[in-house]
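Chains, contacts and geometry: an overview
Residues per chain are reported as follows:
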Amino acid sequence: MIAITPDLLLGSKVEAMLVAAGHEVKLAPNLAEASPDDADLLVADLDAEDPQALAALGIPILGYYSHVNTETKQAAEAAGIDTAVPRSRMVRELPQLVDKLLSKA
């Protein structure tokens, strides 16, 4: 699993939560440095990455965005992102959201 976030503090929190839930996680600051070829799931900041580029990867995507950026949510849905949630919900429900996506894969 790969978590893409330019925010180091949030990235550390995401990594800790997923490792505690039993997942192996690689952090990357952006998609260009993520090398998602062998990833089973991607957690990505939709405010920092292009939803179209993420959706084109062909793996389950959990995208998060600032709750005030409703255009980002609409763009993610139009691109086919599997799950797009506000950042606060992602932090609150991360293990459950990831498990739900992985069970569909």
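Numbers given to residues run from 1 along each chain, matching the order in which its sequence is written. pLDDT decides what is reported in this predicted model: residues at 70 or higher carry local features, side-chain atom pairs at 80 or more are listed and counted, and totals for whole chains, interfaces and linings draw on all residues regardless. Only hydrogens and water are removed before side-chain values are computed, so all heavy atoms of the structure are retained for them.

Let's talk about the sheet that holds strand E5 (residues 83-86)
Two pairing modes exist for strands in a sheet, parallel and antiparallel, and in both the strands are linked by backbone hydrogen bonds. At least two bridges found by DSSP between two strands is the condition for calling them paired. To qualify as a helix, a DSSP run of H or I must reach at least 4 residues; to qualify as a strand, a run of E must reach at least 2; elements of each kind are numbered from the N terminus. Read from one edge to the other, the open sheet built from 5 strands follows the order E2-E1-E3-E4-E5, with strand pairing classed as parallel. Every other strand in the sheet has two partners, leaving strand E2 (26-28) and E5 as the edge strands with one partner each. Put simply, the sheet's adjacent strands are angled 20° from each other on average, direction ignored. Running at roughly 155° to E5, helix H4 (residues 87-104) makes contact with strand E3 (42-45), strand E4 (61-65) and E5 of the sheet. Note on definitions: angles span 0 to 180 degrees between N-to-C directions of axes, and those axes are lines fitted to C-alpha atoms, for helices only across the stretch in contact. In this description, contact between two residues means that some pair of their heavy atoms is separated by no more than 4.5 Å.

Concerning the side chain of Ser66
Among the secondary structure elements, Ser66 is positioned in the loop between E4 and helix H3 (70-79). The buried category is assigned to Ser66, whose relative accessible area is 18%. If near-sequence neighbours (up to four positions away) are discounted, Ser66 is found in contact with Asp47 and Arg87. Classification of residues uses two cut-offs on accessible area relative to the type maximum, computed with a 1.4 Å probe and protein chains only: under 20% is buried, over 50% is exposed, and between them is partly exposed.

A few points about the packing of helix H1 (residues 8-20) against H4
Orientation of H1 relative to H4, taken along the N-to-C sense of each, is 25°, at an axis distance of 10 Å. Judged by the inter-axis angle, H1 sits roughly parallel to H4. Remark: the crossing between H1 and H4 carries right-handed chirality. Where H1 approaches H4, its residues Leu10, Lys13, Val14, Met17 and Leu18 are matched on the opposing element by Arg87, Met90, Val91, Leu94, Pro95 and Val98. Among the residues forming the contact of H1 with H4, the class breakdown is 9 nonpolar, no polar and 2 charged. Note on terminology: angles under 35 degrees are roughly parallel, angles over 145 are roughly antiparallel, angles of 65 to 115 are roughly perpendicular, and the others are oblique. Helix crossings are classified by the rotation of the near helix relative to the far one: an anticlockwise turn of less than a right angle makes the crossing left-handed, while a clockwise turn makes it right-handed. Nonpolar residues are Ala, Val, Leu, Ile, Met, Phe, Trp, Tyr, Cys and Pro. Charged residues are Asp, Glu, Lys and Arg, and all others, Gly as well, are polar.

Looking at the pattern of salt bridges
Every case where a carboxyl oxygen of Asp or Glu lies within 4 Å of a side-chain nitrogen of Lys or Arg is listed as a salt bridge. Applying the stated criterion to the full structure yields 5 salt bridges. We note a salt bridge from Arg89 to Glu93, for which the minimum N-O separation is 3.0 Å. Of this pair, Arg89 and Glu93 both sit in helix H4, 4 residues apart, which is roughly one turn of that helix. Residue class for Glu93 comes out partly exposed when judged on its relative accessible area of 25%.

By themselves these figures say nothing about function.
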